[in-house]
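Breakdown of the fold
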Amino acid sequence: MREFLINENDADQRLDKYIQKTCRKMPKSLMYRLIRQKKIKVNRKRSEPNAMLQKGDRIQMFINEDFFADEKIDVSKASKLQGIVYEDKHFLILDKQQGVIVHSSRKFQGDTLIDQVMKYLIDTHQYDPQNENSFRPAFANRLDQNTGGLIIACKNAKSLRIMNEMIRTHQVEKHYLCIIEGKIRDGLYKHYYMKDEKRNMALIFDEPKNNCAEVSLAVQTLHQGKKYSLLDVDLISGKSHQIRAQLAHLHHPLIGDVKYHGKQIMKHQALYAYKLTFHTDQPDFEYLNAIKIVQKNNFIIQKYKSIENVEVEID
């Protein structure tokens, strides 16, 4: 039997969610059976899978030790974290460079951005994996490997939960700079989205289809050149590859985005998350409303200046 004391980062989550993070090798079906059989208890009493854990609760698990195979966090080989543009006790906002991989996967197990964040937080004594049961620092928004820009890392469970909710309810404005082929009409664009996981591509449709989600983005032209346009894109819904796929569907692919039929005149797609603003009434997080982060000097601006031979400034 093992007993776990619920700390601040473990609290305010369901029992089954906590067990999935603590015993990552345990099948879900077995977990629910063990809860029913009272092999997993809260404060030595039978509990339901959806019971919300509170700080100070104790979880007793009468299960096979194999499920407790500890996953060591080894960030000794992680690179030094670069590009911090904002930090407080809850959040790190980073300027991610193009080509940097955010999370490890089956294809890539090397030096990832989340490893660099964890190493930084461990080295600065803001995170101690030895004292945590279920929480690891995590990102609240996503950026593709070849998309650069602002990404939000959360240092504790409360900040991650609140920021995820803020993003879901559109309390965070995320603006991107991009370079497209041709000229586009400014305004709001709504489409229907489906992800083809096998090809790792987003599919966009004009009309609703089964298993499609409605997506939207707002486009504002910052500069119109001879062949290309520099855009500010307000990403409203935020699906994987959404900006790339929607603009390609509108016959204005990003330059460099060969996956979505853009011209290969730069190494990666011309897309950069350059601005974050917050509009929240969340208790303890209203201070974010005074924060506006804009990265004006970036490779998208420099690339656009070079291919259109113009001088461009952004607000």
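These remarks concern the structure in this document. Values in this document were obtained by computation on a predicted structure and should not be read as measured data.

Structural notes on the overall build of the chain
- On a plain count of helices and strands, the chain comes out with six helices and 14 strands.
- Along the first, second and third principal axes, the C-alpha set of the chain runs to 70 × 45 × 40 Å.
- Taken over 315 residues, the chain has a buried fraction of 49%.
- In the chain, of all internal contacts separated by at least 6 residues, the share reaching a separation of at least 24 is 65%.
- Just so you have it, the chain exposes about 17000 Å², and 45% of that area is on carbon and sulfur atoms.
- The averaged location of the 40 negative side-chain charges in the chain is 5 Å from the averaged location of its 51 positive side-chain charges.

Comments concerning the nonpolar core
- One finds V117, F139, M163, L247 and F278 to be the most contacted residues of the largest nonpolar core, which totals 53 residues.
- If one sorts the elements of this core by residue count, helix α4 (residues 157-168) sits on top with six residues.
- When sequence neighbours within four positions are dropped, the list of residues in contact with F278 reads I93, I152, M163, M166, Q171, V172, L288, N289 and I291.
- L34, V42, I63 and F67 belong to the second-largest nonpolar core, a separate cluster that totals 20 residues.

A look at the packing of aromatic side chains
- In this structure the tally under the stated criterion is five aromatic pairs.
- An angle of 75° between the planes, with centres 6.5 Å apart, marks the rings of F4 and Y18 as edge-to-face. Here F4 is found in strand β1 (residues 2-5), whereas its partner Y18 is found in helix α1 (residues 15-22), with 14 residues between them in sequence. Both residues of the pair, F4 and Y18, belong to the buried class.

Section: unusual backbone geometry
- The phi angle at K38 is positive, at roughly 60°, despite the residue not being glycine.
- Mapped onto the fold, K38 is located in the loop between α2 (28-36) and β2 (40-42).
- Overall, K38 belongs to the partly exposed group, its relative accessible area being 43%.

A few points about the environment of Q264
- For Q264, the location among the structural elements is in the loop between α5 (242-249) and β13 (271-278).
- Q264 sits in the exposed class, given a relative accessible area of 64%.
- Distance in space between the C-alpha atoms of Q264 and L254 is 9.5 Å, their sequence separation being ten residues.
- Sequence-distant contacts of Q264, defined by excluding residues within four places in its chain, comprise G256 and V258.

Focus: α1
- Of all the positions in α1, only L15, D16, Y18, I19 and T22 are classed as buried. An end-on view of α1 places all buried positions within 160° of arc, on one side of the element.
- Buried residues along α1 sit in contact with β1, α2, β2 and β3 (58-61).

Structural notes on the environment of L217
- Within the secondary structure, L217 sits in strand β11 (residues 213-224).
- Relative accessible area serves as the criterion here: at 0%, L217 is assigned to the buried category.
- Linking L217 and G187, residues 30 residues apart in sequence, is a C-alpha distance of 8.5 Å.
- Excluding residues within four positions of it along the chain, L217 makes contact with G187, L188, Y189, V233, D234, I236, Q242, I243 and Q246.

Thresholds, definitions, all that
Residues numbered from 1 in each chain as written. Predicted model: local features only at pLDDT ≥ 70, side-chain atom pairs only at ≥ 80, totals over all residues. Heavy atoms only, no water. Helix = DSSP H or I, 4+ residues; strand = E, 2+ residues; numbered from the N terminus. Buried < 20%, exposed > 50% of the residue type's maximum accessible area, 1.4 Å probe, protein only. Contact = heavy atoms within 4.5 Å. Areas by Shrake-Rupley, 256 points an atom, 1.4 Å probe, with all protein chains shown as cover. Lys, Arg positive; Asp, Glu negative; His and termini not counted. Charge placed at Lys NZ, Arg CZ, Asp CG, Glu CD. Core = buried A, V, L, I, M, F, W, Y, C linked by side-chain atoms within 4.5 Å. Phe/Tyr/Trp six-rings, centres within 6.5 Å; stacked < 30°, edge-to-face > 60°. Arc of directions from axis to C-beta.

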